Amino acid sequence: MMKPSGSTEAVRIEDLDDAGLVEHARQLDPAAFWLIIKRHNLRLHRVARAVLNDDIEAEDVLQETYIHAFTHLAEFRAEARLSTWLTRIALNEALGRRRKRRPTVDAKAIEGMVAPFSAHKPDPEEAAALAEIRGLLERAVGDLPEPFRIVFVMRDVEEMSIEETAFLLALRPQTVSTRLYRARRLLREALRDQLATVFTDTFLFAGARCDRLTQSVLDRLAIRLVRKDTQLLNAATEHTLD
């Protein structure tokens, strides 16, 4: 464990920033993999879902994103934020999947996909009302034209800056601002002033679903690492025999 200057207490891995976690992940520390996934799951799920408008496909994108990232950590440079690097990978994966879709594929229904994962436990009436509100918001966002939906999720839901959004989508900042403005206007028209602007609980990806995906990524990663170690051992053995 790392120790802060002038202190005899070890720094807990949970208290490390992303750069520190990356260093631990490069040493194949399972706890670092777990924490990286838990920290970034929500953002990546929302972005992937904004592109694909499909909950199940977005979850698949997350798995592929983490597998790619964890097996290419040597390519990560500290001058970029880990969240930006991961988001770029998730976007590429989601956009690639979208390009492979047949034009006739219909978007799946969004209703009923919101799971009640929250530290706050409302009473039944409050829970039903919140679920109805989230469902209405998610349907309204899901119905936005794709270019507006992606920008809206990145800017208003994930609160990315205009500059980061523009960089990730390869757009001009002015284009991001224009699309966000149009997305908000379309949402206002769709909701007809029925709701206040409450988006922080939409498209949740936490609790059991988050844990399940995290474990799946770690299991797949472990298999890849074992295969890699076996290949290295075989190569070393062949070299020795030579």
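The rules behind these values
- Residues numbered from 1 in each chain as written.
- Predicted model: local features only at pLDDT ≥ 70, side-chain atom pairs only at ≥ 80, totals over all residues.
- Heavy atoms only, no water.
- Salt bridge = Lys/Arg side-chain N within 4 Å of Asp/Glu carboxyl O.
- Helix = DSSP H or I, 4+ residues; strand = E, 2+ residues; numbered from the N terminus.
- Buried < 20%, exposed > 50% of the residue type's maximum accessible area, 1.4 Å probe, protein only.
- Phe/Tyr/Trp six-rings, centres within 6.5 Å; stacked < 30°, edge-to-face > 60°.
- Core = buried A, V, L, I, M, F, W, Y, C linked by side-chain atoms within 4.5 Å.
- Contact = heavy atoms within 4.5 Å.
- pLDDT = per-residue confidence, 0-100.
- Polar contact = N/O pair within 3.5 Å; in protein donor to acceptor, adjacent residues only side chain to side chain.
- Axes fitted to C-alpha atoms, helices over the stretch in contact; angles between N-to-C directions.
- Parallel < 35°, antiparallel > 145°, perpendicular 65-115°, else oblique.
- Left-handed = near helix turned anticlockwise from the far one by under 90°.
- Nonpolar A, V, L, I, M, F, W, Y, C, P; charged D, E, K, R; others polar.

### Some details on the pattern of salt bridges
Thinking step 1. Summed over all chains, the structure comprises 14 salt bridges.
Thinking step 2. With its nearest N and O atoms 1.7 Å apart, the salt bridge here joins Arg 98 to Glu 146. On the criterion of sequence distance, the pair formed by Arg 98 in helix α4 (residues 82-100) and Glu 146 in helix α6 (residues 146-157) is long-range, its members being 48 residues apart.
Thinking step 3. The exposure class of Arg 98 is partly exposed, given its relative accessible area of 25%.
Thinking step 4. Judged by relative accessible area, which is 25%, Glu 146 ranks as partly exposed.
Thinking step 5. The partner of Arg 184 in a salt bridge is Asp 156, and the shortest N-O contact between them spans 2.7 Å. In this pair, Arg 184 sits in helix α8 (residues 173-191) while Asp 156 sits in helix α6, placing the two residues 28 residues apart along the sequence.

### Points about the packing of aromatic side chains
Thinking step 1. Scanning the model with the defined rule gives 3 aromatic pairs in all.
Thinking step 2. Centre to centre, the rings of Phe 76 and Trp 85 are 5.2 Å apart; their planes meet at 50°, and the pair counts as tilted. Across the pair, Trp 85 and Phe 76 agree in class, each one buried.
Thinking step 3. Taken together through their ring pairs, the aromatic side chains of Phe 33, Tyr 66 and Phe 70 make up a single cluster.

### Here we look at the nonpolar core
Thinking step 1. Formed by 56 residues in total, the largest nonpolar core has its most connected members in Tyr 66, Phe 70, Trp 85, Leu 86 and Phe 152.
Thinking step 2. With sequence-adjacent residues up to four places away left out, Leu 86 is seen in contact with Ile 36, His 40, Leu 44, Thr 65, Tyr 66 and Ala 69.

### A word on the confidence of the model for the chain
Thinking step 1. When pLDDT is averaged along the chain, the result is 78; 72% of the residues meet or exceed 70.
Thinking step 2. A low-confidence stretch, residues 102-120 stays under pLDDT 50, and its non-local contacts, those more than four residues away or across chains, total 20 contacts.

### Side note on helix α7 (residues 162-169)
Thinking step 1. Glu 164, Thr 165, Ala 166 and Leu 168 are the residues of α7 that are buried.
Thinking step 2. Each element contacted by the buried residues of α7 is listed here: α2 (30-52), α4, α6 and α8.
Thinking step 3. Among the residues trailing α7, Ala 170 stands out with phi positive, at a value near 55°.

### Description of the side chain of His 45
Thinking step 1. If you trace the backbone, His 45 turns up in helix α2.
Thinking step 2. With relative accessibility at 1%, the residue His 45 sits in the buried group.
Thinking step 3. Separated by 3.2 Å, the side chains of His 45 and Asp 55 make a polar contact.

### Notes on the packing of α2 against α6
Thinking step 1. Their axes nearest at 8 Å, the elements α2 and α6 cross at an angle of 165°. Relative to α6, α2 is oriented roughly antiparallel. Handedness of the α2/α6 crossing: right-handed. Here Arg 46, Val 47, Arg 49, Ala 50 and Val 51 of α2 come into contact with α6, specifically with Glu 146, Arg 149, Ile 150, Val 153, Met 154 and Val 157.
Thinking step 2. Tallied by class, the residues present in the contact of α2 with α6 amount to 7 nonpolar, no polar and 4 charged.

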